[in-house]
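As a plain string of letters, each chain reads:
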Amino acid sequence: MQIYMPTKIYSENNCVMNHRRELAALGSKAMIVTGKHSSRVNGSLEDVEKALQEENIPFVLFDRIEENPTIETVMEAGELGKKEQVDFVVGIGGGSPMDAAKAIALIIANPTEDERILYEAKEFPALPVAEVPTTAGTGSEVTPYAILTIHARKTKQSISHKIYPRLALIDSQYLKTAGLDTLIDTAVDALAHLLESYLNTNADSYNRMYSEKGLSLFAEIREELMECRRQGEKPVQTLSNQAFDILMQLAATAGMAITHTGTSLPHGLSYAITYEMQVPHGKAVGIFLPGFLGAYENKEEVQSVLERMGFASVEDFTQYLDELLGKVEIPEGLWIEDVKSIMANKAKLKNYPFEMDKETLYAFRR
Ligand code: NAP
Ligand code: FE
């Protein structure tokens, strides 16, 4: 058993300003990496800019990361970073900019290499990375993973390198501008991380403590989340301040869980669905969770995660998730291809501790 969690994590109100010295200590010139809009609206970009200015650290901004970031965009940001001679990267946003920040840090640190190093099975250095999450889902602020869209293969895949952020600055204030679907989809992503990590070939009693804690946090807010869906208002009008704090904590804890185990079948199946149907990541993963729990052979372990979440059975859990997420109609042809590609990919199956056959996997679509 082992635990390796090298990211220094702070989670509190006013977190970025409170820890600006440690942020500035990462280098002498920063590249800030964000999505197109949200970091301006929720105040996170302004806080990071102010923090760096107060510490006299110059920076350049790359604010064009799209959802499910592509290799092309990462390379474009990398070129800018090389030209500007930045020596650390700050990712702000959901998983997309935070993942992109890690890949960009790798590209800048290896100026003579091209995009092939992203997926090369060899060690390369990367610039230091700090992450400021504004969704409560991916946990990318603490994980070493960076998932990019590969157009040539019509799917998404994590780069080969493990790039642990040096610093995660978590402030639940930023989450308050999130829309209903974004908040719910990303919370379900975090839930999937907890479940796929617990029910995993690489799970042991040591790293399961992350999932156990996270699932208990989920139990605390699951009714509030459903109420939020039923009201149909912006989450900030329905959720308590405490719920926003719990969501951020849940996502980071879930990130620490998958850092030790990786994810499993629901994530593997989701990537082609996101690529082909533009279903947001958390929703694309969440629709496979009932099938995953239903098929999992160790029923005692399934019962244990259900109890932690406060559900009596897989059926109860399924009903809850169906109402929370809504349905996704996956076309037959796409589904057949998706199942075929997972069944042919040993790396995708290895985190599932039992034999998996095509028929069982096929029934994951509901
Ligand atoms: P995202 O793609 O980063 O963002 C989704 C949308 O939410 C964007 O339109 C974004 O706007 C907006 N948004 C972000 N924060 C907001 C806020 N506080 N208020 C209002 N809107 C906000 O979504 P995500 O689900 O967090 O990340 C998904 C990506 O992470 C996928 O590529 C997935 O594969 C990856 N992922 C990574 C890991 C990992 O361990 N590294 C784990 C799971 C998933 P802007 O574009 O304007 O910012
Ligand atoms: Fe995920």
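Attention in this report is confined to the structure presented alongside it. (Residues numbered from 1 in each chain as written. Chains lettered and ligands numbered in written order. Predicted model: local features only at pLDDT ≥ 70, side-chain atom pairs only at ≥ 80, totals over all residues. Heavy atoms only, no water.)

### Some remarks on the overall build of the chain
Threshold: In DSSP terms, a helix is any run of H or I states spanning at least four residues, a strand is any run of E spanning at least two, and both are numbered starting from the N terminus. Only the C-alpha atoms count toward the radius of gyration. The rule for a globule is 2.2 Å times the residue count to the power 0.38. Exposure classes here rest on a 1.4 Å probe applied to the protein chains alone. A residue is buried below 20% of its type maximum, exposed above 50%, and partly exposed in between.
Within the chain one finds 18 helices and eight strands. Over its C-alpha trace the chain gives a radius of gyration of 20 Å, about what one expects of a compact globule, namely 21 Å for 366 residues. The burial tally for the chain puts 58% of its 366 residues in the buried class.

### A few points about the packing of helix α7 (residues 180-198) against helix α14 (residues 299-309)
For any two helices packed against each other, one specifies the inter-axial angle together with the distance between the axes. Counted only if it meets this: Interaxial angles span 0 to 180 degrees and are taken between N-to-C directions of axes, which are lines fitted to C-alpha atoms, for helices over the stretch in contact. An angle below 35 degrees is read as roughly parallel, one above 145 as roughly antiparallel, one from 65 to 115 as roughly perpendicular, and any other as oblique. Crossings are sorted by hand: turned counterclockwise from the far helix by less than a right angle, the near helix makes the crossing left-handed, and turned clockwise it makes it right-handed. Between two residues, a contact is recorded if the distance between any of their heavy atoms is within 4.5 Å.
Packing of α7 against α14 leaves a shortest axis separation of 11 Å and a crossing angle of 150°. If you check the angle between α7 and α14, you find them roughly antiparallel. Where α7 crosses over α14, the two elements pack in a sense that is right-handed. In this structure, α7 contributes Leu191, Leu195 and Tyr198 to the contact, and α14 contributes Glu301, Ser304, Val305 and Met309.

### Some details on the sheet that holds strand β1 (residues 8-11)
Each strand in a sheet pairs with another by means of backbone hydrogen bonds, the pair being arranged parallel or else antiparallel. Note the threshold: By the convention used here, strands pair only if DSSP detects at least 2 bridges between them.
Spatially, the six strands line up as an open sheet ordered β1-β8-β5-β4-β2-β3, and their pairing is parallel. Strands with a single pairing partner mark the edges of an open sheet, and in this sheet they are β1 and β3 (59-62). Within the sheet, the average angular offset between the axes of one strand and its neighbour, ignoring direction, is 15°. Pairing between strand β2 (residues 30-33) and β3: four bridges, direction parallel. Bridge pairing in β3 places Ile32 opposite Leu61. Taken strand by strand, helix α5 (residues 71-83) contacts β2 and β3, and its axis lies near 160° from that of β3. Taken strand by strand, helix α6 (residues 95-109) contacts β2, β4 (88-93) and β5 (129-133), and its axis lies near 165° from that of β4.

### Overview of the site of ligand 1
The cut-off we apply is this: The criterion for a residue being near a molecule or strand is simple. One of its heavy atoms has to lie within 4 Å of it. In the analysis that follows, any N or O atom pair within 3.5 Å is treated as a polar contact, provided that within protein one partner can donate a hydrogen and the other can accept it, and provided that, for residues neighboring in sequence, both atoms belong to side chains. Note on areas: Shrake-Rupley with a 1.4 Å probe; residue coverage comes only from the protein chains shown. Amino acid classes used here: Ala, Val, Leu, Ile, Met, Phe, Trp, Tyr, Cys and Pro are nonpolar; Asp, Glu, Lys and Arg are charged; the rest, including Gly, are polar.
Lining the immediate environment of ligand 1, one finds 31 residues, of which His37, Ser38, Gly95, Ser96 and Thr134 sit closest. Note that an oxygen atom of ligand 1 is positioned 3.3 Å from one of the side-chain N or O atoms of Asn68. Measuring from an oxygen atom of ligand 1, one finds a side-chain N or O atom of Lys156 at 2.8 Å. Protein contacts shield 89% of the accessible area of ligand 1, which totals 950 Å² for the unbound molecule. Among the elements that take part in the shell around ligand 1, α6 stands out by supplying five residues, more than any other. Each residue belonging to the shell around ligand 1 can be placed in one class, and the counts come to seven nonpolar, 18 polar and six charged.

### Quick word on the nonpolar core
Let me state the cut-off plainly: Here, nonpolar core means buried Ala, Val, Leu, Ile, Met, Phe, Trp, Tyr and Cys residues that are tied together by side-chain atoms lying within 4.5 Å of each other.
Leu225, Leu247, Leu265, Leu293, Met309, Phe317 and Phe364 are the most contacted members of the largest nonpolar core, which has 73 residues in total. Sequence-distant contacts of Leu225, defined by excluding residues within four places in its chain, comprise Leu183, Ile184, Ala187, Phe218, Leu239, Tyr320 and Leu324. Grouped together as the second largest cluster of nonpolar side chains are 29 residues, Val33, Phe62, Ala101 and Ile108 included.

### Regarding the coordination of the iron ion (ligand 2)
In plain terms, the rule: A donor here means any N, O or S atom no more than 2.8 Å from the metal (3.2 Å for Na, K and Ca); water is not included, so a site may seem to lack partners.
Bound to the iron ion (ligand 2) are the protein donor atoms Asp189 (OD), His193 (NE2), His267 (NE2) and His281 (NE2), situated 2.1 to 2.3 Å from the metal. Ordering the donors of the iron ion (ligand 2) by residue number gives the pattern D-x3-H-x73-H-x13-H. Note that His193 is positioned in helix α7 and His281 in helix α12 (residues 281-286), a separation of 88 residues in sequence. The burial state of His193 is the same as that of His281; both residues are buried.

### As for the pairing of strand β8 (residues 167-170)
Side chains Leu167 and Leu169 project from β8 onto one buried face, and the interleaved Ala168 and Ile170 project onto a second face that is buried too. Here β5 runs beside β8; their pairing, made up of two bridges, is parallel. Directly across from Glu131, in β8, lies its bridge partner Ala168.

### Focus on the side chain of Arg208
Within the fold, Arg208 resides in helix α8 (residues 208-231). Only 2.7 Å separates the side chain of Arg208 from the backbone oxygen of Tyr198, close enough to count as a polar contact. Those residues in contact with Arg208 that lie beyond four places of it in its chain are Tyr198, Ala203 and Glu301.

### Some details on α8
We apply this condition: A helix is expected to span 1.5 Å multiplied by its residue count minus one.
If you check α8, its first and last C-alpha atoms are 34 Å apart, about what 24 residues at 1.5 Å a residue would give, namely 34 Å. Following α8 by one or two positions, Gly232 adopts a phi angle in the positive range, close to 70°.

### A few points about unusual backbone geometry
The backbone of Asn14 shows a phi angle near 60°, a positive value even though the residue is not glycine. Here Asn14 shows up in the loop between β1 and α1 (15-18). One non-glycine residue, Asn68, adopts positive backbone phi at about 55°.

Keep in mind these numbers describe shape, not what the thing actually does.
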